[in-house]
Number of protein chains: 2
Amino acid sequence: MSRHDPAALAERIPQGDRRALARAITLVESTRDDHRKLAEDLLERLLPLTGGSARIGISGVPGVGKSTFIETFGLHVIEQGHRVGVLAVDPTSSRSGGSILGDKTRMQELSRHRHAFVRPSPTGGTLGGVARRTREVMLLCEAAGFDVMLIETVGVGQSETAVADMVDLFMLLLLPGGGDELQGIKKGISEIADLLVVNKADVDPNAANAAASEYRSALRMLRPASDSWQPPVLTAAGLSGRGVDDVWAKIREYRQAMDTSGDLAKRRAGQARAWMWNELEESLIAAFKKHPEVARDLPELERAVTAGDLPAAAAARRLRRTFLGHAPDTDDAAAKGRTDRQEGAA
Amino acid sequence: MSRHDPAALAERIPQGDRRALARAITLVESTRDDHRKLAEDLLERLLPLTGGSARIGISGVPGVGKSTFIETFGLHVIEQGHRVGVLAVDPTSSRSGGSILGDKTRMQELSRHRHAFVRPSPTGGTLGGVARRTREVMLLCEAAGFDVMLIETVGVGQSETAVADMVDLFMLLLLPGGGDELQGIKKGISEIADLLVVNKADVDPNAANAAASEYRSALRMLRPASDSWQPPVLTAAGLSGRGVDDVWAKIREYRQAMDTSGDLAKRRAGQARAWMWNELEESLIAAFKKHPEVARDLPELERAVTAGDLPAAAAARRLRRTFLGHAPDTDDAAAKGRTDRQEGAA
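Residues numbered from 1 in each chain as written. Chains lettered and ligands numbered in written order. Predicted model: local features only at pLDDT ≥ 70, side-chain atom pairs only at ≥ 80, totals over all residues. Heavy atoms only, no water.

Asker: Sorry if this is basic, but what is going on with the packing of helix 2 (residues 18-29) of chain B against helix 6 (residues 127-143) of chain B here?
Answerer: Each packed pair of helices is defined by two parameters, the angle between the axes and the distance between the axes. Residue and element names in this part refer to chain B. Viewed as axis vectors pointing N to C, helix 2 and helix 6 meet at an angle of 155°, and their least axial separation amounts to 9 Å. Classified by the interaxial angle, the pair formed by helix 2 and helix 6 is roughly antiparallel. In the packing of helix 2 onto helix 6, the handedness of the crossing is right-handed. Two secondary-structure elements touch here, helix 2 through L21, A24, I25, V28 and E29 and helix 6 through R133, E136, V137, L140 and C141. Split into classes, the residues belonging to the contact of helix 2 with helix 6 amount to seven nonpolar, no polar and three charged. (Axes fitted to C-alpha atoms, helices over the stretch in contact; angles between N-to-C directions. Helix = DSSP H or I, 4+ residues; strand = E, 2+ residues; numbered from the N terminus. Parallel < 35°, antiparallel > 145°, perpendicular 65-115°, else oblique. Left-handed = near helix turned anticlockwise from the far one by under 90°. Contact = heavy atoms within 4.5 Å. Nonpolar A, V, L, I, M, F, W, Y, C, P; charged D, E, K, R; others polar.)

Asker: Help me understand helix 10 (residues 244-261) of chain A, please; the structure alone is not making it clear to me.
Answerer: Note: α-helices contain 3.6 residues per turn, so residues at a spacing of three or four share the same orientation. Residue and element names in this part refer to chain A. Here helix 10 spans 26 Å end to end across 18 residues, near enough to the 26 Å set by a 1.5 Å rise per residue. Among all positions in helix 10, only V244, V247, W248, I251, Y254 and M258 are buried. Each buried residue of helix 10 sits inside an arc of 115° when the element is viewed along its axis, so together they form one side. More than 90 degrees from the buried face of helix 10, the exposed residues found are R252, Q256 and T260. Backbone geometry just after helix 10 places G262 at a positive phi near 80°. (Expected span 1.5 Å × (residues − 1). Buried < 20%, exposed > 50% of the residue type's maximum accessible area, 1.4 Å probe, protein only. Arc of directions from axis to C-beta.)

Asker: Hey, could you run me through the side chain of A:H35 in this one?
Answerer: Along the chain, A:H35 falls in helix 3 (residues 33-46). A distance of 2.7 Å separates the side chain of A:H35 from the side chain of A:S30, its partner in a polar contact. (Polar contact = N/O pair within 3.5 Å; in protein donor to acceptor, adjacent residues only side chain to side chain.)

Asker: Quick question: what am I supposed to make of the sheet that holds strand 6 (residues 195-198) of chain A here?
Answerer: All names here are of chain A. An order of 3-2-4-1-5-6-7 is seen for the seven strands of this open sheet, with the pairing classed as parallel. In this open sheet, the two edge strands, each paired with only one partner strand, are strand 3 (116-118) and strand 7 (233-235). Pairwise comparison of adjacent strand axes, ignoring direction, gives a mean angle of 25° for this sheet. (Pairing = 2+ DSSP bridges.)

Listed below in C-alpha cells is the structure:
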C-alpha cells in the first residue's frame, strides 16, 4: 500500500491513528499536483466525519501571552472531556524556524497530552495558500475525533481575517494596560472578534478590569457581526489559570445562542461558499501562470503596464485571450439598455 | 462616424471637447463587450497623455462636510491655475439617485466652472466594477487636460481601500469633536491616510486644535506607509475656506517629497501591476461564469459545498476542469523536494 493511499488513510484516521493523520496532513500541505488529487480524494471520503468541532480562532499582539493561554485553556478543555487540536496560520513563518508554534516547547504539557494535537503553521507560500492548507488540516483533525479546534494566528496583516473566515468564534486576547491597550480596536481586528479576553489579569486586577470597561465602551460604538450576540469582554490569566473556565463557559453560551438563532449554520454555509470561490480563483490563476504562452508573454506585458505604456485592462484582455484561446462575446441586452440611458447624463 | 469611434474620440478629448469626454466616459462605463473593446482601444490611444495629474483621494464619515470642502478646495486649486476633475466611488449608489455626487447641486459653483469637471459615481455593480470604471474615467480626464483629480469616497466598507489604490495621496476629513472623533482611527482608515484634515474648524477652533493633537498622538502609534512622509494633521473649514490654502500647500509638499524619494513612481508602478492582476482575475471569473457547462453545473456544486456534502476544493477542481477542458499537471521538482522534507516533521 502506498503511504498516501486515500482509502487506507480514510480508514485509519477516524480510528485515532496519529501516524495516518500526520501523513494525511503532509499530503494536504503538499504543492505537488498528484498529492493534491490524493488529498482531495481523501478529504471527500472524510467529509461526512467533519464539522463536529467547536472551531475557535485566537489572536492577539505579540507579548499578549497567546502560547501560555492556549496551553492552560487547552488543558482545561481536555479536563472537561474534550479532545483539542491546535493549528496556526502564520504566513510570515519560514522554514528556518522562528514561526509561532514552530517550537513545540511553547506548549510543553499540551503538546504531549494524548488528547491534544499541536501542529505548527504550514511554512512559506501566500496567506491564501497557508489558510487553505490550515482549513483542510482542520477537517482532517475533526475526522480524527478532535472536537475543539483552536486556530492561532499572529496579529499581523490579513491573517486574522483569514482565520475568522474559517472558525465559528474569533477570540481576541488583549493586554491589560500600557499605551497599547486599544491596539486591537485601532487595527480593526475587534470588528471581527466574537469574544475579547484581557489576559495577564492577575498582574494588576484593577488595571485589567479598567481595560475591560474601556473595551466594552469602545465595542458599543461598533455594530456586532451577529444580531444574536454582542461580543463580551472577559478577564483571564493564562499563567495562573484564573478566569479560563469563564472563557470556556462563555464559548459554550455563544455556541448555544448561535445554534438556536441559526446564525452558526448560516456562517458555516457562507464560509463554505466563499471557500469554493476562493479555491476556484486560486486554481484558475495557478493554471493561468502555468500556461506556456502566458508565461512567455507575461513579463513583457507586466513591464509595459508598470511603465505606463499599456493600459492594465488591455494587458489583462490580451493575456486572457492567450490563456483561453478566445474571448467570449456575449451581448447583454440589459447592459445595452442601461448604457444608452446613461449616455445623456454626463 | 460612429459616436463611439476611438480614433475620433482620441483626437477630440485632448482638445477639451467635453461632449467627446462625456461619450468616452459612457463607453468606459458600459458593460457591453463591444463597448469594452472600443473603450480599451481608446484608453490605449490616450495612455501617453495620462498620468500627469495630482491624484487625490478624499474620504470621511457622512456629515464631515465633504461636498462643501471639495467645492471650496476645488475652486481654490483652480485659482492657482489648475483644472480640476471630481469623481466618486460609491458602490452603494443606485440608479434611483441618493448617491454621493448624484446630485450636482451639491457643488454648484464648482460643477459649473469651465475649469472643473464633476462626475457622479458609476451606479450599480460591485465595488471592483465601480473602482475599475472610476480609474479609467480618471485616465480620460487626465487626457482631457485635468491636472488635479479629486476622487471622493463614502466612508463605508472597502471603498476607501479601492480609492487609496488609485491615488497618489489619500486625504481623510475628520470631525472636530463629539464622541466619534476617533472614528477614522477605529475603522483603520487612518492607516491608509497620507493627510488628515480636521474640518469645520471655525465652529470651535480650540476643539479642532485639541482633536488635531489627539489624532497626532494616535498616528504616532501607527507605522506610516512611506518612510519619506509622516502623515500630518491639519485643521480647515470648507465653509469659510479657512486653512484650505494650507491643505493645498501640504499636498504640494507631499508631492515634492514623494517625487524626490522615488516613492511616488514606486507607488504608481505597484498600483498599475495590481490593477492588471485585478483585471485579469475579474475577467477570468467573468468568462468562467459565462461558460455554458459551468453555468449548468455551478448551482448544484455550490449547493453541495454549502450543505457540507462536497469539499470546496473538489468542487473548485471539477468546475475548473469543466471550464478549461483539462487540468494542467505540471510536476514541480522544487515543490516535491519540499514536501518530502516536510514528511518527517509531523
